[in-house]
Amino acid sequence: MNSAPDAILHYVLSRISNARDLARCSCVAKRWRDCVLYLPALYFPRNAFDGLPQPQADLAITHFVTRAALLEELVLYCPFSAPLLATWLALKAPSLRRLELRVDGPAQLDCLGWSRGLESLKLWGVCMGAPPRWEPFIALRTVEIVGGAFRDSALVAALAACPNLAQLALLGCDGVGSLCLELELLESCRLDFIGPRGRTLSVGCPNLRSLEVQGFSSVILKQAGLLQSLSIAKTSGKMETVEAEKLPALEFLSLRGVQWSWAAVSSALDCAAEIFEIHGAMFAALCQKDSLQSVDFRFWIPSLEEVVVTVRSPLNAEQKLSTLESLVKHSPRLRRMVIRVSQMKNCNEMADDFFEDICRFRSMNSNKIQVE
């Protein structure tokens, strides 16, 4: 390293982004200390300043951020003083492209609007009670928020400031009662909201290719002609409705949950085209009283070719077997049904009898049915 030209030395050391490693490198030699000038990325892990008083930690962050001449990426997982964030962002706004912050509670986020050139924004643990005062982020293409808590108006205002998003992920979030997404360029969207409360989601994104939804009791899809992958889940509470037009490009459909209304399942199947992989919620809804046992003679699932059913309990065995039979009967194009017997909780004669019935059903339809 001593015989390497300065340009090569700086290039090699600029690949280091972890603040703890950079601090060690800066102590090796004066030539090494200058590498901070050329850093494109800075990463401060959760334990970056364990044992240091907060003022000293803030001073260290300020030192690194100030010295990095053309900083493109800043990741702050460690605790920091919120007022200093505005100073750091103001210094690096011209070059900053990717920002990731762990906030852990209420914070003043208006200063994020100074980084107008951001292309990627990721926030952890943010509480957004009031609409942020942001000018539009024209270059912003990716937003991910994990563990956030929002008021409806705050989230709507935040998304309105990101008109050119291509990727959106809101994971493990809470506080929203209804959400309307109308983003012209959005291609991939993951929405995971916790809690049993009823929520309504309306999506009108003409370029959307992939949508994963968890925690909404009502889902409305508009202008989704390019959608290729759709996953809807409701782990607590009831899934009431799914409304959508035909989805001619759909290649994958997953319905998960326990309390799905048959109307929601039927609507989801009706809008899909040719290829399906359907999970627990379908089975749960079909097994409800007055479902397929008394179905209208005109009912059928015309395009269903493959179906995966997971069974974890022998309870209501007769209804479940009737459902399996009806799926085969009313799906003229069905080529393959996989019955997954997984984590069977009741290890007694009831479970044994139920499994024997499933095996008997398989033997009667051996060309289509497989048991795992």
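Conventions used here
- Residues numbered from 1 in each chain as written.
- Predicted model: local features only at pLDDT ≥ 70, side-chain atom pairs only at ≥ 80, totals over all residues.
- Heavy atoms only, no water.
- Helix = DSSP H or I, 4+ residues; strand = E, 2+ residues; numbered from the N terminus.
- Rg over C-alpha atoms; globule rule 2.2 N^0.38 Å.
- Buried < 20%, exposed > 50% of the residue type's maximum accessible area, 1.4 Å probe, protein only.
- Contact = heavy atoms within 4.5 Å.
- Pairing = 2+ DSSP bridges.
- Axes fitted to C-alpha atoms, helices over the stretch in contact; angles between N-to-C directions.
- Patch = residues over 30% accessible without salt bridge, like charges linked within 9 Å, V, L, I, M, F, W, Y side chains within 5 Å.
- Areas by Shrake-Rupley, 256 points an atom, 1.4 Å probe, with all protein chains shown as cover.
- Salt bridge = Lys/Arg side-chain N within 4 Å of Asp/Glu carboxyl O.
- Arc of directions from axis to C-beta.
- Disulfide = S-S within 2.5 Å.
- Phe/Tyr/Trp six-rings, centres within 6.5 Å; stacked < 30°, edge-to-face > 60°.
- Lys NZ or Arg CZ within 6 Å of the ring centre and 35° of its normal.
- Expected span 1.5 Å × (residues − 1).
- Core = buried A, V, L, I, M, F, W, Y, C linked by side-chain atoms within 4.5 Å.
- Parallel < 35°, antiparallel > 145°, perpendicular 65-115°, else oblique.
- Left-handed = near helix turned anticlockwise from the far one by under 90°.
- Nonpolar A, V, L, I, M, F, W, Y, C, P; charged D, E, K, R; others polar.
- Lys, Arg positive; Asp, Glu negative; His and termini not counted.
- Charge placed at Lys NZ, Arg CZ, Asp CG, Glu CD.

Asker: Would you take a moment to explain the overall build of the protein chain for this structure?
Answerer: Within the protein chain, the regular secondary structure consists of 10 helices and 18 strands. Relative to its length of 372 residues, the protein chain is extended, with a C-alpha radius of gyration of 27 Å against a globular reference of 21 Å. Taken along the three principal axes of its C-alpha coordinates, the protein chain extends 80 × 40 × 35 Å. For the protein chain, the residues scored as buried account for 47% of the 372 residues in total. Looking at the protein chain alone, contacts between residues at least 24 apart form 46% of all its contacts between residues at least 6 apart.

Asker: When you look at the sheet that holds strand E8 (residues 178-181) in this model, what are you seeing that I'm missing?
Answerer: Strand pairing in a sheet takes place through backbone hydrogen bonds and is either antiparallel or parallel in direction. Taken in spatial order, the 4 strands of this open sheet run E8-E10-E12-E14, and their pairing is parallel. Each edge of the sheet is formed by a strand with only one pairing partner; in this case those strands are E8 and strand E14 (241-244). This sheet shows a mean twist of 5° between the axes of neighbouring strands, independent of strand direction. Here E8 runs beside strand E10 (residues 200-204); their pairing, made up of 4 bridges, is parallel. If you follow Ser-178 over to E10, its bridge partner there is Thr-200.

Asker: When you look at a nonpolar patch on the surface in this model, what are you seeing that I'm missing?
Answerer: Nonpolar side chains collect at one region of the surface, where Met-1, Ile-8, Tyr-11 and Val-12 lie side by side and expose about 410 Å² of accessible area between them. For Met-1, a relative accessible area of 47% translates into the label partly exposed.

Asker: Can you walk me through the environment of Ile-220 in this structure?
Answerer: The residue Ile-220 is located in strand E12 (residues 218-222) in this model. Sequence separation between Ile-220 and Gly-204 is 16 residues, and the spatial gap between their C-alpha atoms is 8.5 Å.

Asker: I tried to follow helix H1 (residues 6-13) on my own but got confused; where do I start?
Answerer: Every α-helix carries 3.6 residues per turn, so stepping three or four residues along brings you back to the same face. For H1, the full list of buried residues reads Leu-9, His-10 and Leu-13. An end-on view of H1 places all buried positions within 95° of arc, on one side of the element. Opposite its buried face, H1 presents the exposed residues Ala-7 and Tyr-11, each directed more than 90 degrees away.

Asker: It is not clear to me how the state of the cysteines should be interpreted in this structure. Could you clarify?
Answerer: Every disulfide links exactly two cysteines, by a covalent bond between their sulfur atoms. A full pass over the atoms with the stated rule returns 0 disulfides. For the unlinked cysteine Cys-189, the closest cysteine sulfur is that of Cys-205, found at 6.9 Å.

Asker: Honestly, the packing of aromatic side chains in this entry has me stumped. Any pointers?
Answerer: The description of two aromatic rings rests on the distance between their centres and on the angle between their planes. Throughout the structure, instances matching the rule amount to 7 aromatic pairs. Among the aromatic residues, ring-to-ring pairing joins Tyr-43, Tyr-77 and Trp-124 into one connected group. A cation sits over an aromatic face here: Arg-15 above Tyr-11, 4.8 Å from the ring centre.

Asker: Which parts of the structure should I look at to understand helix H9 (residues 317-329)?
Answerer: When the terminal C-alpha atoms of H9 are compared, their 18 Å separation across 13 residues agrees well with the 18 Å that a helix rising 1.5 Å per residue should span. Listing the buried residues of H9 in full gives Lys-320, Leu-321, Ser-322, Thr-323, Leu-324, Ser-326, Leu-327 and Val-328.

Asker: Any chance you could explain unusual backbone geometry here in plain terms?
Answerer: Only a minority of non-glycine residues have a phi that is not negative, and only a minority of peptide bonds are not trans. Residues other than glycine seldom take positive phi values, yet Gln-223 does so here, at roughly 55°. By the secondary structure assignment, Gln-223 is in the loop between E12 and strand E13 (229-239).

Asker: What's the story with the nonpolar core in this structure? I'm lost.
Answerer: Nonpolar side chains tend to gather and get buried jointly when the protein is soluble and globular. Formed by 109 residues in total, the largest nonpolar core has its most connected members in Phe-44, Leu-76, Leu-112, Leu-168, Leu-191 and Met-337. Beyond its immediate stretch of four places on either side in the chain, Met-337 contacts Val-307, Leu-324, Leu-327, Val-328, Phe-361, Lys-368, Ile-369 and Gln-370.

Asker: What should I look at first to understand the sheet that holds strand E16 (residues 306-311) in this one?
Answerer: Here 3 strands make up an open sheet; going across it, the order is E16-E17-E18 and the pairing parallel. The open sheet has two free edges, formed respectively by E16 and strand E18 (369-371), since each of these has just one partner strand. Averaged over all neighbouring strand pairs, the angle between strand axes comes to 15°, with direction disregarded. Looking at chain direction, E16 and strand E17 (residues 336-341) are connected through 6 bridges and run parallel. Paired with Val-311 across the strands is Val-341, a residue of E17. Each of E16, E17 and E18 is contacted by H9, which is oriented at about 165° to E17, the strand it contacts most.

Asker: What am I meant to see in the packing of H9 against helix H10 (residues 349-364) here?
Answerer: A pair of packed helices is captured by two measures, namely the crossing angle of their axes and the spacing between those axes. Two elements in contact, H9 and H10, have axes separated by 11 Å at closest approach and are oriented at 15°. The pairing of H9 with H10 is recorded here as roughly parallel in orientation. For the element pair H9 and H10, the recorded crossing hand is right-handed. Listed contacts from H10 to Ala-317, Lys-320, Leu-321, Leu-324, Glu-325 and Val-328 of H9 are Phe-354, Asp-357, Ile-358 and Phe-361. Within the contact of H9 with H10, the residues separate by chemical class into 7 nonpolar, no polar and 3 charged.

Asker: It is not clear to me how a negative patch on the surface should be interpreted in this structure. Could you clarify?
Answerer: A cluster of acidic side chains, namely Glu-349, Asp-352, Asp-353 and Glu-356, defines a negative patch on the protein surface. Along the chain, Asp-353 falls in helix H10. Its relative accessible area of 43% is what places Asp-353 among the partly exposed residues.

Asker: Looking at this structure, how should I read the pairing of strand E5 (residues 142-146)?
Answerer: Moving residue by residue along a regular strand, the side chains alternate between the two faces of the sheet. In terms of burial, E5 is a largely internal element, 4 of the 5 residues being buried. Alignment of strand E4 (residues 120-128) against E5, held across 5 bridges, turns out to be parallel. Paired with Ser-120 across the bridge in E5 is Thr-142. Both E5 and strand E7 (residues 167-173) contribute to a ladder of 5 bridges, which runs parallel. Bridge assignment links Ile-145 to a residue of E7, and that residue is Leu-170.

Functional significance is not addressed by these values, which are geometric in nature.
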